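If you want the building blocks of each chain, they are given just below.
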Amino acid sequence: MKEEFLSLLKNDNNDIFTRKIDLDFVLVMGIMPSKDEALLNALKKCKNIVYLSVVEDADITNMVKIQSRYEAGSEEGVLAILAKELFCHQEISKEAKYFFENLDDGYISAECNVGEEELEEINALYKNSKNPTLVLGYDFYNHHRGKNIAKIIDLFVQYGNFKIYMQEMDTKIKTIDKNYTLENVPELDSFDGSVVYAYPTQNQDEQELLIGSPQFKMAAKIEDKDDVYVITENSEYQRKFILDRELKGTVALLPSAVGDESYYYKVA
């Protein structure tokens, strides 16, 4: 899945991928920077960081200009309404113009929990940048709408001069057919109930834990240090629940040795 997603992003006309994060404007999505040491160290040198993710990262709060949580599964919608905010007033292709005109941004904004004011604040930072970078994490690799997400990201490259920084860029990018059109954003997925984020980690101690906020503890009706079974659609995990009062929201962290081929946010 990762190889296919990276191949969908590949542009034959220019090198869009970068291993360098420029200082001037960095949009980070789909990753907790505190869980990636190389990324975290690179971000310490940046002055205008926007962090959008399902899970808030308390360790970078003092580093970012804007930090906002969106709903699990809504990455496609978030990227779409942000692209419209940044690029709809530029000279763009007929396809992109049609896409923006038919985007139900009011519905998407309400469902993904990213408001107009936040989009305007992000645009204000972006307008003053010369070398913007879009940092994309694991969450995008296995998203079932990955093909259209890649096409939306292409708008950031074409009209926003963005370079793309992605985790594990050592992956060989193959040549595939990119003859597809930009699709309308469908009704967003619903993640009702307890949700866990099964992100990959090599830390063996973490792999024994389920880490959650006070809100998650209440919703799941468990207590700090409880031994629990976490059952998702594809897997079952035996963990010890650890309460983290710095976390917010009802999504718990489920560090895993190896991520599977499905989207990393799962109803449990």
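The following paragraphs examine the structure supplied in this document. What you see is a predicted model, and the numbers here were worked out from it, not measured in a lab. Numbering of residues starts from 1 in each chain and follows the order in which that chain's sequence is written. Where local features are concerned, this predicted model is filtered to residues with pLDDT of at least 70; where side-chain atom pairs are given and counted, the filter is 80 or more; whole-chain, interface and lining totals use all residues. Each side-chain value is derived from all of the structure's non-hydrogen atoms; neither hydrogens nor water enter the calculation.

**A look at the pattern of salt bridges**
So the rule is basically this: Whenever a carboxyl oxygen of Asp or Glu lies within 4 Å of a side-chain nitrogen of Lys or Arg, that contact is scored as a salt bridge. Where helices and strands are cited, they refer to DSSP runs of H or I of at least four residues and of E of at least two residues respectively, numbered from the N terminus. Type-normalised accessible area, obtained with a 1.4 Å probe on protein chains alone, sets the label of each residue: buried when under 20%, exposed when over 50%, and partly exposed for intermediate values.
Applying the stated criterion across every chain, the model contains nine salt bridges. Among the ionic pairs, Lys 248 bridges to Glu 56, the shortest N-O distance being 3.6 Å. Placement of Lys 248 in the loop between β9 (236-243) and β10 (251-253) and of Glu 56 in the loop between β2 (49-53) and β3 (66-69) is noted, with a sequence separation of 192 residues between them. The buried category is assigned to Glu 56, whose relative accessible area is 17%. Ionic contacts of the salt-bridge type, sharing partners, join the residues Glu 56, Arg 69 and Lys 248 into one network.

**Quick look at the packing of aromatic side chains**
To keep it simple, the criterion reads: Aromatic rings from Phe, Tyr and Trp, taking only the six-membered ring of Trp, are treated as a pair when their centres fall within 6.5 Å; an angle between ring planes under 30 degrees marks them as stacked, one over 60 as edge-to-face, and anything in between as tilted. Two limits define a charge over a ring: the Lys NZ or Arg CZ must be within 6 Å of the ring centre, and within 35 degrees of the ring normal.
By the definition in use, this model includes 13 aromatic pairs. Ring geometry for Tyr 197 and Tyr 265: centres 4.2 Å apart, planes at 5°, overall stacked. One end of the pair, Tyr 197, is in strand β6 (residues 195-197); the other, Tyr 265, is in strand β11 (residues 265-267), and 68 residues separate them in sequence. Feature note: the residues Phe 25, Phe 87, Tyr 126, Phe 156 and Phe 162 constitute an aromatic cluster, connected by ring pairs. Above the ring of Tyr 165, the side-chain terminus of Arg 19 is found at 4.6 Å from the ring centroid.

**Let's talk about helix α4 (residues 94-101)**
Filter applied, for reference: Here the arc refers to the directions that run from the helix axis out to each C-beta atom. Residues are treated as being in contact if the distance between any of their heavy atoms lies within 4.5 Å.
Within the sequence span of α4, burial applies to Ala 96, Phe 99 and Phe 100. Seen along its axis, α4 keeps its buried residues to an arc of 95°; they face one direction. α4 presents Lys 94, Tyr 98 and Glu 101 as exposed residues on the side facing more than 90 degrees away from its buried surface. On its buried face, α4 sits against α3 (75-87) and α7 (146-160).

**Observations concerning the side chain of Glu 76**
Relative to the helices and strands, Glu 76 is located in helix α3. Classification of Glu 76 by relative accessible area gives buried; the value is 3%. Residue contacts for Glu 76: discarding those within four places in its chain leaves Arg 145, Asn 148, Ile 149, Ile 152, Val 185 and Pro 186.

**Comments concerning the sheet that holds β2**
Two strands in a sheet stick together by hydrogen bonds in their backbones, pointing the same way (parallel) or opposite ways (antiparallel). Under the convention used in this document: Note on pairing: two strands pair once DSSP finds at least 2 bridges between them. Axes here refer to lines fitted to C-alpha atoms; in helices the fit is confined to the stretch in contact. Angles between the N-to-C directions go from 0 to 180 degrees.
Taken together, five strands build an open sheet; the order of strands is β3-β2-β1-β4-β5 and the sheet is parallel. The open sheet has two free edges, formed respectively by β3 and β5 (163-166), since each of these has just one partner strand. Going from strand to strand, the sheet's axes swing by 15° on average, the running direction of each strand aside. Where helix α6 (residues 116-127) meets the sheet, its contacts fall on β1 (25-29), β2, β3 and β4 (132-136), and the angle it forms with β3 comes to roughly 145°. Set on the sheet, α7 makes contact with β1, β4 and β5; between it and β4 the angle comes to about 170°.

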